[in-house]
Amino acid sequence: MLGYVLRRGALLIGSLVVAMIVIFILLRLLPGDPANALLSVNATPEQIAAARRQVGSDQPLLAQFGTWAAQMLRFDLGESLITGAPVGPEISSRLRVTLPLTLLAFGIALVLSVSAGVTAAVQSDRWYGTLLSGVAQFGIAVPVFWIGIILVWVFGLGLGWFPTGGFPPDDWSDPAGAFSSLVLPALAIGLVMGASLTRYIRSATLDVLGSDYLRTARAHGSGFGEALWRHGLRNGAVPVVSVLGIELATTLLGAVVVESVYALPGLGSYLVDGIAKHDFAAIQGVLVVTTLLVLLVGFAADVVQRIVDPRLRSSVGVAG
């Protein structure tokens, strides 16, 4: 198991390096020069040349990447081309919004999907089991920002239960206000992600219900609920864990999008602002941090999957 974790960690680092190269190249393929963020419309050729020297865009691409990679090795995300402020601390402050939003949304999605997915599978021959499956299929097709707008209209403007946007200026020093600001965006993400997860959990539960080991447990006197809990849960969780990792990563990306709808000061607003102002340092920083978080989620999901299923640990040991 330790050998697998080390190999998987090396793969994570390699994947991050490849992602950094792709991010760097794609940003340089976009029209415009990073120095444009520092220039006015009527900039002279001398001012353009000075700005390019300042941001380093006058150097060959390989030299630019080497400089950026060296900064990454020092855990330095650079400085904003607009404000001159370090990008790293700015991203850290905005993660205090994005990460709680992601975890809250994922928790909502998990509770909804497990209850709906198991019910839809166990009661697949009843009308409400079919209804749950149909609602889940419909939920997958609904854009998350559309759900967010409806929630604002109903629970924010209509009932006035939650704020329609923004975040407390005191940040998490006002826990109640901060939490209430995240409820509607987390619910918007959680409903869409929960619909997607419901389909997988229903499928995994149906596989468990038709398995020989569950019928054997029933034949030995175990009740249906006991057999499903003691023997079906662990086996059904194996394929679902990897899907949970993907959905958690998707929830993080969905949080970045929904933040714009609710005017939350998270990574999403920082990324949108950086794109609008051609702030390459801010854009690169957000993309690298987001990619790292997604890779870490995938790494954790793989490790948990092998903890849940002893057969995978045995295969890893044999392969090693």
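In case you missed it, the structure is sitting above this.
Visitor: Help me understand the overall build of the protein, please; the structure alone is not making it clear to me.
Guide: Looking only at helices and strands, one finds twelve helices and zero strands in the protein. Listed by position from the N terminus, the elements making up the protein come as α-α-α-α-α-α-α-α-α-α-α-α. Split into buried and exposed, the 320 residues of the protein put 41% on the buried side. Considering only contacts within the protein whose residues lie at least 6 apart along the sequence, 72% involve residues at least 24 apart. Total accessible area computed for the protein in this model is approximately 17,000 Å², and 68% of it derives from carbon and sulfur atoms.

Visitor: What am I meant to see in the side chain of Thr 98 here?
Guide: Within the fold, Thr 98 resides in helix H4 (residues 87-122). Of note is the side chain of Thr 98, whose polar atom sits 2.9 Å from the backbone nitrogen of Leu 267. The contacts of Thr 98, once residues within four sequence positions are left out, are Leu 252, Glu 259, Gly 266 and Leu 267.

Visitor: Help me understand unusual backbone geometry, please; the structure alone is not making it clear to me.
Guide: Among all residues except glycine, the phi angle is most often negative; among peptide bonds, the trans geometry is most common. Phi at Ala 263 is positive, roughly 55°, even though this residue is not glycine. Turning to its location among the elements, Ala 263 is positioned in the loop between helix H9 (224-261) and helix H10 (267-276). The exposure class of Ala 263 is exposed, given its relative accessible area of 52%.

Visitor: Could you clarify how one ought to interpret the packing of aromatic side chains in this entry?
Guide: Any two aromatic rings considered together are summarised by their centre-to-centre distance and by the angle between their planes. Going through the model one piece at a time under the given rule, you end up with four aromatic pairs. Aromatic side chains Phe 24 and Phe 65 sit 5.3 Å apart centroid to centroid with 70° between the ring planes, which places their arrangement in the edge-to-face category. With Phe 24 in helix H1 (residues 2-29) and Phe 65 in helix H3 (residues 61-73), the pair connects residues that are 41 residues apart, well separated along the chain. Centroid distance Phe 24 to Trp 68: 6.0 Å. Interplanar angle 20°. Geometry classified as stacked. Separated by 44 residues along the polypeptide, Phe 24 in helix H1 and Trp 68 in helix H3 bring together distant segments of the chain.

Visitor: Hey, could you run me through the pattern of salt bridges in this one?
Guide: Think of it this way: side chains of opposite charge can pair up when their charged atoms draw near. Applying the stated criterion to the full structure yields one salt bridge. For the salt bridge of Glu 90 with Arg 94, the shortest nitrogen-to-oxygen distance reads 2.8 Å. Remark: Arg 94 and Glu 90 occur in helix H4; sequence separation between them is four residues, near one turn of the helix.

Rules of the game
Residues numbered from 1 in each chain as written. Predicted model: local features only at pLDDT ≥ 70, side-chain atom pairs only at ≥ 80, totals over all residues. Heavy atoms only, no water. Helix = DSSP H or I, 4+ residues; strand = E, 2+ residues; numbered from the N terminus. Buried < 20%, exposed > 50% of the residue type's maximum accessible area, 1.4 Å probe, protein only. Contact = heavy atoms within 4.5 Å. Areas by Shrake-Rupley, 256 points an atom, 1.4 Å probe, with all protein chains shown as cover. Polar contact = N/O pair within 3.5 Å; in protein donor to acceptor, adjacent residues only side chain to side chain. Phe/Tyr/Trp six-rings, centres within 6.5 Å; stacked < 30°, edge-to-face > 60°. Salt bridge = Lys/Arg side-chain N within 4 Å of Asp/Glu carboxyl O.

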